[in-house]
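Structure assessment
Okay, here's what each chain looks like letter by letter:
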Amino acid sequence: MDSKLLFTLIIGILITQYLIDTFLDYLNAKKYREAIPEELNDIFDESEYQKSQAYKKTNYRFGLANDAFSIILTLSFLIFGGFEWVDGIVRGFTSNPILMALAFFGIIVLGSSIISIPFSYYQTFIIEEKFGFNKTTKKLFFIDLIKGMLMTAVLGGGLLALVILFLQWTGNNFWLYAWGLFGVLILFINLFYSKLIVPLFNKQTPLEAGTLKSAIESYAKKVGFELDNIFVIDGSKRSTKANAYFSGFGKQKRVTLFDTLINDLEEEEIVAVLAHEVGHYKRKHIIFNLFTTISLMGLTLFILSLFINNPELSLAIGVTKPSFHAALVGFVLLYSPISTITGLAMNFLSRKFEFQADDYAKETFAAPPLITSLKKLSKNSLSNLTPHPAYVFMHYSHPPLIQRIRNLTA
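Residues numbered from 1 in each chain as written. Predicted model: local features only at pLDDT ≥ 70, side-chain atom pairs only at ≥ 80, totals over all residues. Heavy atoms only, no water.

**Some thoughts on the sheet that holds strand β1 (residues 204–206)**
Strand order in this open sheet of 4 strands is β1-β2-β4-β3, and the pairing throughout is mixed. Every interior strand has two partners, whereas the edge strands, β1 and β3 (244–247), have only one. Adjacent strand axes in the sheet meet at a mean angle of 30°, parallel and antiparallel pairs treated alike. When β1 meets strand β2 (residues 230–233), the two strands line up antiparallel, connected through 3 bridges. Bridge assignment links P206 to a residue of β2, and that residue is F231. Across the face of the sheet, helix α6 (residues 174–197) comes into contact with β1, β3 and β4 (254–258) while running at roughly 130° to β3. (Pairing = 2+ DSSP bridges. Helix = DSSP H or I, 4+ residues; strand = E, 2+ residues; numbered from the N terminus. Axes fitted to C-alpha atoms, helices over the stretch in contact; angles between N-to-C directions. Contact = heavy atoms within 4.5 Å.)

This is the structure we're talking about:
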């Protein structure tokens, strides 16, 4: 396919995605003032409801500005030869394909990160601060930023270098070796994320002996769920929002409770949330998601192998000297509609899995404490109780609260 046609296609994809996302945001915003379903009337009093409305509207306006800036910047970079300019810089000091790729993406990622700092700062210290969520200090904000960039450089740079080496050694069969590499990495992260990555950002401590731990262990024993690792994470040092998650499998599985969750919920409600997480494990959702993620990665890499040596991909983003790094950028932009479709499918399955995990908690523990916990968590995070169905379809990995409650009370 001609590079000019590919360039036009890339521009069309970017603009179309932006317009669709903006329209969905508009539809969702129009639903803000709808009457709250009867089952949710006890979540907000009048002042809290007004606060939740203001929070949603503020985030909506901020999102519009952020997205508009991003699309203008991206289109300008493409149209006015930004990728060619960066490519010229890296070729000025090296001709090694691996070093060129590392420098090319390093410049782009670093530039993008710096540009995004004011937006992240505003959202954290203006919006989240205004509505009482932010607990992050400015020092911690920038430390997190630097840690994230270093992790991206080390992990992302290492993977990129290995993929190029595979391409040099094996030609178009590189995707098989890259697939194996990414598969091992995904498996490793699933197993050891809480042990190796989380400690870089948060402190985790074993849940202290007491009535809560006894209640959790009693429930785990009842359902035949071997659970030796229950940890509390200091989420409160960044936000008042609460969460809990399950990670790993086999002997590496562990449950992590945010300290904010423990503060916000009653013991019975915490056990109900845990029962939901155990439901994901018992219903094999974790294994399914792991297998699906690795399979989709293989499909993406295989399709990449079919096009990566096509010089038109580099030319399509304005880079006159074909290279792996330029072709990779062109491929990612052209592949985004397929990524959107697979993302929709994964979100659909995720929402289905959430219902199944809720059902498991209902069957093995009880529905009422799970319902009250969901309501409290929604209240404390000022979540949207009336999202637009189209927005849910495109973006939600969890069903809206009203659907979960109706399922639990059916």
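From this point, the discussion proceeds with the structure in view.
**So, the nonpolar core**
Among the nonpolar cores identified, the biggest contains 50 residues, and L40, I216 and L257 are the most heavily contacted of them. Of all the elements, helix α9 (residues 267–282) adds the most residues to this core, at 7 residues. Ignoring any residue separated from it by four or fewer positions in sequence, one finds L257 in contact with I216, I230, F231, V232, I233, N243, A244, I262 and I270. The next biggest cluster of nonpolar side chains, apart from the first, holds 44 residues, and it includes A101, L313, A316 and V329. (Core = buried A, V, L, I, M, F, W, Y, C linked by side-chain atoms within 4.5 Å. Buried < 20%, exposed > 50% of the residue type's maximum accessible area, 1.4 Å probe, protein only.)

**Things to note about the packing of aromatic side chains**
Counted by the stated rule, this structure contains 25 aromatic pairs. An aromatic cluster is defined as three or more aromatic residues linked by ring pairs; in this entry it consists of F62, F69, F119 and Y122. One residue, K56, lies across the ring of Y32, its end atom 5.7 Å from the ring centre. In this structure, K241 packs its charged tip against the face of F133, placed 4.6 Å from the ring centre. (Phe/Tyr/Trp six-rings, centres within 6.5 Å; stacked < 30°, edge-to-face > 60°. Lys NZ or Arg CZ within 6 Å of the ring centre and 35° of its normal.)

**Regarding the pairing of β3**
Moving residue by residue along a regular strand, the side chains alternate between the two faces of the sheet. The alternating pattern of β3 places A244 and F246 and Y245 and S247 on opposite faces, both of which are buried. Note that β3 and β4 share 4 bridges and pair antiparallel. When the bridges of β4 are listed, F246 appears paired with V255.

**Digging into the side chain of T136**
Along the polypeptide, T136 turns up in the loop between α4 (97–130) and α5 (138–170). With near-sequence residues (within four places) excluded, T136 lies in contact with T124, F125, F141, K237 and R238.

**Concerning the pattern of salt bridges**
By the definition in use, this model includes 12 salt bridges. Close ionic contact of E34 with K31 constitutes a salt bridge, the shortest N to O distance being 3.0 Å. A salt bridge links R91 to D87; its shortest N-O distance comes to 2.8 Å. Of the two residues, R91 and D87 are both situated in helix α3 (residues 82–91); the distance of 4 residues between them amounts to about one turn of the helix. (Salt bridge = Lys/Arg side-chain N within 4 Å of Asp/Glu carboxyl O.)

**A word on helix α7 (residues 211–222)**
The end-to-end C-alpha distance of α7, which contains 12 residues, comes to 16 Å, matching closely the 16 Å that a straight helix rising 1.5 Å per residue would cover. Regarding α7, the residues found buried are L212, I216, Y219 and A220. Across the axial projection of α7, the buried residues extend over an arc of 100°, all falling on one side. Every exposed residue of α7 that faces more than 90 degrees away from the buried side is listed here: T211, K221 and K222. Buried residues in α7 make contact with β2, β4, α8 (259–264), α9 and α12 (324–364). Directly after α7, the chain includes G224, whose backbone phi takes a positive value near 70°. (Expected span 1.5 Å × (residues − 1). Arc of directions from axis to C-beta.)

**Here we look at the packing of α4 against α12**
With their axes 8 Å apart at the nearest point, α4 and α12 run at an angle of 45° to one another. It follows that α4 is oblique to α12 by the angle criterion. Contacts from M100, A101, F104 and F105 in α4 reach H325, L328 and V329 in α12. Of the residues in the contact of α4 with α12, the class split is 6 nonpolar, 1 polar and no charged. (Parallel < 35°, antiparallel > 145°, perpendicular 65-115°, else oblique. Nonpolar A, V, L, I, M, F, W, Y, C, P; charged D, E, K, R; others polar.)

**Quick word on α12**
Over its 41 residues, α12 runs only 53 Å from end to end, short of the ideal 60 Å by more than 12%, given 1.5 Å per residue. Along α12, the largest kink reaches about 45° and is centred on S336; proline P337 follows within four residues of it. (Bend = angle between axes of the 7 residues up to and from the residue.)

**Some details on the confidence of the model for the protein chain**
This prediction gives the protein chain a mean pLDDT of 91; 99% of its residues lie at or above 70. Per-element confidence in the protein chain ranges from a low mean pLDDT of 78 for β3 to a high of 96 for helix α14 (residues 389–395). (pLDDT = per-residue confidence, 0-100.)

**Looking at the pairing of β2**
Covered by surrounding structure in β2 are I230 and V232 together with F231 and I233, the residues of both alternating faces. The pairing of β2 with β4 spans 4 bridges and is parallel. Directly across from I230, in β4, lies its bridge partner V255.

**Describing a nonpolar patch on the surface**
Together, W85, I89, F93 and I107 make up an exposed nonpolar region whose accessible area comes to about 420 Å². When you line up the elements, F93 lands in the loop between α3 and α4. (Patch = residues over 30% accessible without salt bridge, like charges linked within 9 Å, V, L, I, M, F, W, Y side chains within 5 Å. Areas by Shrake-Rupley, 256 points an atom, 1.4 Å probe, with all protein chains shown as cover.)

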